[in-house]
Each structure stands twice: as C-alpha cells, then as structure tokens.
Amino acid sequence: MMLNKFQNKAIHIIDNPCLILAGAGSGKTSVIINKVITLITIYQYDPKKIFAITFTNKAAKEIKYRLCKKLTVKQIKDVTVSTFHALGLQIIRSEYKILGLKKNFTLFDEDEQLRLLKSLTDTNIKNDVFFLKKLLYQISNWKNKLLTPKLAYKKINSSLERTYVFLYEKYDLFLKQHNILDFSDLIFLPTVLLQNNTYVRLNWQKKVQYLLVDEYQDINLSQYQLMKLLCGYNANLTVVGDNDQSIYSWRGAQQKIFYLLKQDFPSLDVIKLEQNYRSSGCILHAANILISNNINFFNKKLFSTLDYGNKIFVFMSFNEIHEAQQMIQYIQEHKYNYKNQYNDYAILYRSNYQVKVVESELIYRNIPYIVHAGHSFFSSLEIKDLLAYLRLIVNHTDDLAFLRIINVPRRKIGLITLSKLKIFAKENQISLFAASTDKRMIVQLKTNVVLKLNNFIVWILHLSSFLSHKPENILDYIISDVNYFDWVVNYYNNVTISERRIQDIVFFSQWLYKTLVGNSTTIPLKLEDVLIHFLCGDFEHLDTDRTDLENDKLHLMTIHASKGLEFSVVCIIGMEEGTFPHQKSIIDNNITEERRLMYVGMTRAKTQLLLSFCKNKKKFGVFSNLQPSRFLFELPKKEIYWVKYHMDCNKKLCNKNYIISDLK
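Everything numeric in this text was worked out from a predicted model, so none of it was measured.

**Student:** Quick rundown of the domain arrangement of the chain? Include the residues and the values.
**Tutor:** What the domain assignment reports for the chain is domain 1 (5-92 + 188-277), domain 2 (106-178), domain 3 (313-358 + 558-643) and domain 4 (379-506). Centre-to-centre separation of domain 1 and domain 2, based on C-alpha positions: 32 Å. Listed per partner, the contact involves 8 residues of domain 1 and 6 residues of domain 2. Of the roughly 540 Å² buried between domain 1 and domain 2, counting both surfaces, carbon and sulfur atoms make up 71%. Between the two partners, domain 1 and domain 2, sit 0 salt bridges. Run the count over domain 1 and domain 2 and you get 0 residue pairs in polar contact (both at pLDDT 80 or more). Broken down by element, the residue count for the side of domain 1 that touches domain 2 peaks at 4 residues, all from helix 10 (residues 185-196). In the side of domain 1 that touches domain 2, the residues fall into 3 nonpolar, 5 polar and no charged.

**Student:** Could you give me a rundown of the pattern of salt bridges, with the residues and numbers involved?
**Tutor:** Under the defined criterion, the tally for this structure stands at 29 salt bridges. The partner of Lys563 in a salt bridge is Glu215, and the shortest N-O contact between them spans 3.0 Å. With Lys563 in the loop between helix 28 (559-562) and strand 13 (567-572) and Glu215 in the loop between strand 6 (210-213) and helix 12 (221-231), this pair connects stretches of sequence that are 348 residues apart. The pair Lys563 / Glu215 is uniform in exposure class, with both members buried. Arg630 is the partner of Glu577 in a salt bridge, and the nearest nitrogen-oxygen pair spans 2.7 Å. Of this pair, Glu577 sits in the loop between strand 13 and helix 29 (583-587) while Arg630 sits in helix 31 (residues 630-633), and the two are 53 residues apart along the sequence. For Arg630, a relative accessible area of 30% gives the class partly exposed. Linked through salt bridges whose partners overlap, the residues forming this network are Lys28, Asp214, Glu215, Asp218 and Lys563.

**Student:** Can you lay out the sheet that holds strand 17 (residues 640-643) for me, pointing to particular residues and giving the numbers?
**Tutor:** Hydrogen bonds between backbone atoms are what pair the strands of a sheet, whose relative direction is either parallel or antiparallel. The strand order across the open sheet built from 7 strands is 11-12-10-13-14-9-17, with neighbouring strands paired in parallel fashion. Two strands close off the open sheet at either side, each with one partner strand: strand 11 (369-372) and strand 17. If you compare each strand with its neighbour and ignore which way they point, the axes differ by 20° on average. The sheet contact formed by strand 10 (residues 345-349) and strand 12 (residues 554-558) spans 4 bridges and is parallel. Among the inter-strand pairings, Tyr349 is bridged to a residue of strand 12, identified as Thr558.

**Student:** Could you give an account of the packing of helix 5 (residues 84-94) against helix 10, with specific residues and numbers?
**Tutor:** The geometry of helix 5 relative to helix 10 is characterised by a closest axis approach of 8 Å and an angle of 50° between their N-to-C directions. The angle between the axes of helix 5 and helix 10 places the two elements in the oblique class. For the pair helix 5 and helix 10, the crossing hand works out as left-handed. Taken together, the residues of helix 10 that come into contact with helix 5 (itself represented by Phe84, His85, Gly88, Leu89, Ile91 and Ile92) are Asp185, Leu186, Ile187, Leu189 and Pro190. The residue inventory of the contact of helix 5 with helix 10, partitioned by class, reads 8 nonpolar, 2 polar and 1 charged.

**Student:** Pulling in residues and values, what's your account of the side chain of Ser222?
**Tutor:** Inspection of the secondary structure puts Ser222 in helix 12. Not counting residues up to four positions away in its chain, the partners in contact with Ser222 are Asn144, Leu146, Ile187 and Thr191.

**Student:** Give me the lowdown on the pairing of strand 2 (residues 50-54), citing residues and values where you can.
**Tutor:** By the criterion of burial, strand 2 is predominantly enclosed, with 5 of the 5 residues buried. Residue alternation in strand 2 divides its side chains into two sets, Ile50, Ala52 and Thr54 and Phe51 and Ile53, and both sets are buried.

**Student:** Which residues make up the nonpolar core, and what values do they have?
**Tutor:** In this structure, Phe402, Phe456, Ile474, Tyr484 and Leu527 are the most contacted members of the largest nonpolar core, which totals 52 residues. Setting aside anything within four residues of it in sequence, one finds Phe402 in contact with Leu392, Leu418, Leu421, Leu432, Phe433, Ser436, Phe456 and Ile457.

**Student:** Mind laying out the packing of helix 2 (residues 28-41) against helix 3 (residues 57-67), listing which residues take part and the relevant values?
**Tutor:** Describing two packed helices takes the angle between their axes plus the distance from one axis to the other. In contact at an axis separation of 10 Å, helix 2 and helix 3 are set at 55° when each is read in the N-to-C sense. In terms of their interaxial angle, helix 2 and helix 3 are classed as oblique. Crossing handedness for the pair helix 2 and helix 3: right-handed. For the pair helix 2 and helix 3, the contacting residues are Thr29, Ser30, Ile32, Ile33, Val36 and Ile37 in the first and Glu62, Ile63, Arg66 and Leu67 in the second. Partitioning the contact of helix 2 with helix 3 into residue classes produces 6 nonpolar, 2 polar and 2 charged.

**Student:** Can you explain helix 30 (residues 591-602)? Please cite residues and give values.
**Tutor:** If you check helix 30, its first and last C-alpha atoms are 16 Å apart, about what 12 residues at 1.5 Å a residue would give, namely 16 Å. Burial of helix 30 is extensive: 11 of the 12 residues sit out of reach of the surface. Looking only at helix 30, the buried set comprises Ile591, Glu593, Glu594, Arg595, Arg596, Leu597, Met598, Tyr599, Val600, Gly601 and Met602.

**Student:** So what's going on with the UniProt feature "binding site: ATP" (unreviewed entry) in the chain? Residues and values would help.
**Tutor:** In the numbering adopted here, UniProt assigns the feature "binding site: ATP" (unreviewed entry) to Ala22, Gly23, Ala24, Gly25, Ser26, Gly27, Lys28 and Thr29. A relative accessible area of 2% places Ser26 in the buried class. Residues within four places of Ser26 in sequence aside, it is in contact with Gln7, Leu273, Gln275 and Tyr277. In this structure, Thr29 sits in helix 2. With sequence-adjacent residues up to four places away left out, Thr29 is seen in contact with Glu62, Ile63 and Arg66.

Basis of the calculations
- Residues numbered from 1 in each chain as written.
- Predicted model: local features only at pLDDT ≥ 70, side-chain atom pairs only at ≥ 80, totals over all residues.
- Heavy atoms only, no water.
- Domains from an automatic or database assignment.
- Contact = heavy atoms within 4.5 Å.
- Buried area = accessible area lost by both parts, 1.4 Å probe.
- Salt bridge = Lys/Arg side-chain N within 4 Å of Asp/Glu carboxyl O.
- Polar contact = N/O pair within 3.5 Å; in protein donor to acceptor, adjacent residues only side chain to side chain.
- Helix = DSSP H or I, 4+ residues; strand = E, 2+ residues; numbered from the N terminus.
- Nonpolar A, V, L, I, M, F, W, Y, C, P; charged D, E, K, R; others polar.
- Buried < 20%, exposed > 50% of the residue type's maximum accessible area, 1.4 Å probe, protein only.
- Pairing = 2+ DSSP bridges.
- Axes fitted to C-alpha atoms, helices over the stretch in contact; angles between N-to-C directions.
- Parallel < 35°, antiparallel > 145°, perpendicular 65-115°, else oblique.
- Left-handed = near helix turned anticlockwise from the far one by under 90°.
- Core = buried A, V, L, I, M, F, W, Y, C linked by side-chain atoms within 4.5 Å.
- Expected span 1.5 Å × (residues − 1).
- UniProt positions renumbered as here; feature names shortened; annotations may be inferred.

Shown next as structure tokens:
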C-alpha cells in the first residue's frame, strides 16, 4: 500500500528516537516493514544489527514474509524479528556462562511451576491452589520488578509476604540447581545482567544498531528497562503503539511507559497515525467519542475516507439464550442478504464462560464455527508427553520431565521406586536422572527395577547423542521406539479420539522437522530453543494453522483475543454492568482499561457493529435483573439504533423496516 504523509515521515526519522502513535487499523505493520527496508536500502544499516520486536511470533512471521518483496533472502535472514522473550532467550544463550547456567537449560511452564511450589511448601498449605497461584503471581511480579529474593526481602510488609519470599528463595535455588528457567527469567535475567555488567551491556549495544518495538503499549516495566538498556546513549529507537489499546495490565503493562519514554528520551519525535483504513466512519466516530472519556497523555482522533456506513445496532435481549438466538439469526440473515461467508463474522465477549450459550445455539442451527481459545493444542496430554521427552533429552536434570514420561508408555517402575529416587536425589542434591544410575541408590532396588531404569537412562543418553547429527528426526525416532501411537490407541480405547490425537502428533512432528531444518527466510532453530519458544507461547499460531481455515467458519473469541484482527461484521455480547465492564474492574475502579477494551472490540468491525445486552441472567442459580453497560450510554445517540427484544426469534432481524419500526 502507498504510505500517507505521516507514515512516510515516520519511516525517515532516524537520528532521534521516535514514538509512532498508531491508531487501530492505521497501517502500523506497513510502517514497521517500510522502516526496516528504508534503514537497509537508503540509510545503509547492517541488517544483522537491526532488531524488530513484536508481541507474538505470528506477527514476526508476517513481517518476515512481507519483507520478501523488497529485500534479498540473506538480508531477511540477517534481520532479527522476534518477541521480547525470544530476544531475552538470545541474550541468555549468548551469555549463559556469565549467568551461571549450563548450555542445555530448559524452561518450566505454569503447571510445572505450580507443581514445584507445591513440593516446596508445608503439608498444611501444599493443597491450597489459591495460595500457590497467588505465590506464583507474586514471584513473577517480583521478577518483573527486577527483584531477586534478597532484594524482595527488603520490600516485605507482612508475615504473608515473608512466607512468599522464603518460598521464592527455595524456588529460585531449585531452578538454579536443576538448570531450569521460568517464563519471567527470559526478561529478568538479561535485564539484570545488562544493568550490572558494563562489558556485556556495551557489547549488546554494539550489536543492536537500531531497535524497533511493535505493540509498545503491551510491554511491562522490565521489558521497558531491557529496551532502554539495549538502546544505550545512541537511542536509535522506534516504538509503535496505541495508548488507547493498552489492555494487558494483568500482565504488567502500564500506561506509565508512555510517560517514561518522553522522560528518558527528551529528543523523542511523536508521529500520530490517525487515518483508519479498516472501519466505517460511523464506527470510528462512536469509538472516538467512547475513548474520549479516558484521560490520555497523548490524544488522537481516528478518521476514515471510507463510507460513513450503517449505524450501530444495540439489541436488548430477555436473557443470554435469547441474546444468542438474536445475534445468530441476525448473522444468518445478513450473510444471506449480502452474500458473505461465515468467516466475515465474529462474536466477541468479555469472558470465556459467555461462549457456552452461543456454541449451543450454533450447534442447534448447524452453523460451522471456531472458538479461538489460546493454547489448547499444546495443553493436550500427548503433546505435553512428547515435549517432556524432548526436554529430558536436552536437560537430564529436568526432574519434572523425568517424572512425566518415566512410565509413558508404562515401564512398570512403581511409586515406591520413584519415592526412593526422590528421597535419595533430595538428600544428595542431584537429579532423578543421576540418582537412577548412582551405585548407592542401585543397591536399594530390586534387580529387575535396576534393569528397567538402566535401559531407560541408556536410551535417553543415546537420543541425546542422536541430536548432534540428526536433530530433525528426533521426534519420529521417539514415537517409533516407544510405540507411542499404540499407546495412544490403548489409552483412549476410542477409535475417533485416538485417530484425532494421532493426527495432532503427526502435525506436531512434521512442524518440528520443518522448524529444525529451516527455510529460505528463517534460520534453523536448535531443539532447546524450540522447546523454550513453545512454552513462551511463541508458536500459538500453530493452533490456527492446524485448523482448516479454508472452511467457512464463524469466529468466537474474547475481545482480548481479537486484538489485531478484523471482520466485516462484529457482534459484542454481554454489554451489561458487571459483565462488561467486569465486576472486578468496577470494584477496583479500573474502568479506564475496560473502556480501552471496549474500544478495541469496536474497532475490529469494518462495516457493521452489533452490541447486545440482557435484561436478566442466571447467576449462581438465581435470576438477576441487569443494567445496560455504561459504555452504551457513552456512545453518540445519533449513531445508534436501540432494538427492543422480541421473544419470537423467527421474526426477521435484518429487515430494515423491522429495525426502524422498533425505534419509533
């Protein structure tokens, strides 16, 4: 696409740090891509020293793909396009010795972190899931604030926090002893290293000649510090973000980072991209009026040269079942009248629980749909098993991986044996893998058990050596050697389910092969890096890739999940006080973020926006009378049709006469 004058100005700001305030649908990705191209082709920057940071691996993949049109294959390979966590991993890989790590470190996911914390706590609280999750959140929060256990001790204000810090220290020690990181470490470790080690910091500042950061509004304070440390005094930096789309405070993102940017980079140039290429004028006008209720450090006003379009329809429903019926009937009629595909429609909601009623109605009407619900593919039993095999092959000290697959498939190594191994390993401060071959341990076990353990250990060691010459075939070798497909069939004892699971495994195996081999635009990844990227969520797009997107399906997702997407027609359900805005946000007085979330949802729509609320809903077995969301009353009256509910859902909803008659 041709760049407008503001986009063109943004890509040529090189000497000063630059903030591009890019409104929804304003073509920010095109600006990032063109800036990378301009840096290389006009300003002669070395591609190896250009780093572009995105929020997801899917976005990074799209940027690399679109660079193909203007840059050579070598130039594209040389440019680093990655997530913050992938960049953190790159720094850790390069500096692992200084960080006191071994090269083959692995990463814990959240489930494994909780299991570890459970094993470290006292008997009376280890089954308190709420306590463990709060503890895990607190540890992550401390790391995001760049606090080690020693520094966290200085910040405690209560006996509960003292307990948290004590467990944080034990948790941290376990990770170090077993050469394991957690998700927060991928930012925490490199940031602290760059702060404290001048030589390493200067070395990385030489490597990063120019830094671009996408989705700036979504980064947390530790990521901001990492960005600042990498830029150094040169401040060769462009960040692209929208303060009106900051919706991740629960992940540590804060509006504060926009103030810090101006404070820490006094020569900052600010470019506003206010022309929207996605939505109709009516939708944009309503979104502008809504978000103007928030107080912003940087203000902007989106506009469009597209048609002004239809007004926004607000549907009143009797209850959530009636709401689903009205929305889906409208979509069916609109699809028929405008000759659209179901792919053109999305139903958005504030919380995941809201989708169940909608799904039931779609199934009843035999309408194809897809629920975008996160990392379901990677949370399946089989994929986690295979990932555990790969983790243990890479890092023999990964005890949780060892415990997960020691009897998958069954090797008849009993609980008593595993209990003895755990006690021995803990007493001698060694891994379960090492304990399994320790002569002092072997004498405590029966001969047949020793043989089984020895066969398993020898096999894992063989697979580890296999990595040096044929890493791309490692998963196929594991699957074949343990007869994993047969195990899946026997485990489920259901042909349909087992076939589906085997298809998942085959898809995963084929994808892993391609990733380890690489292609014309992406360099091959090492297995240990692939495993960490998985747990970071950098390959979440695989869930979408493996879904048959050629099929015509209606999209269902939370508003958070819809960020970055667009649809011809968008329906937002559950527009009631306590649902949206969420009750917790009302209690916590965090309405400004809920309003930004509403803004994000509205600006997903291209031609038509539908909003819906219920008069009644069943909560905890009791029907409650509900009030329409305050956001509905913040929208301009002239842009809205209020449609009263009808118990007869066979009545046509997409008929203009029907709509107008209801408004009189």
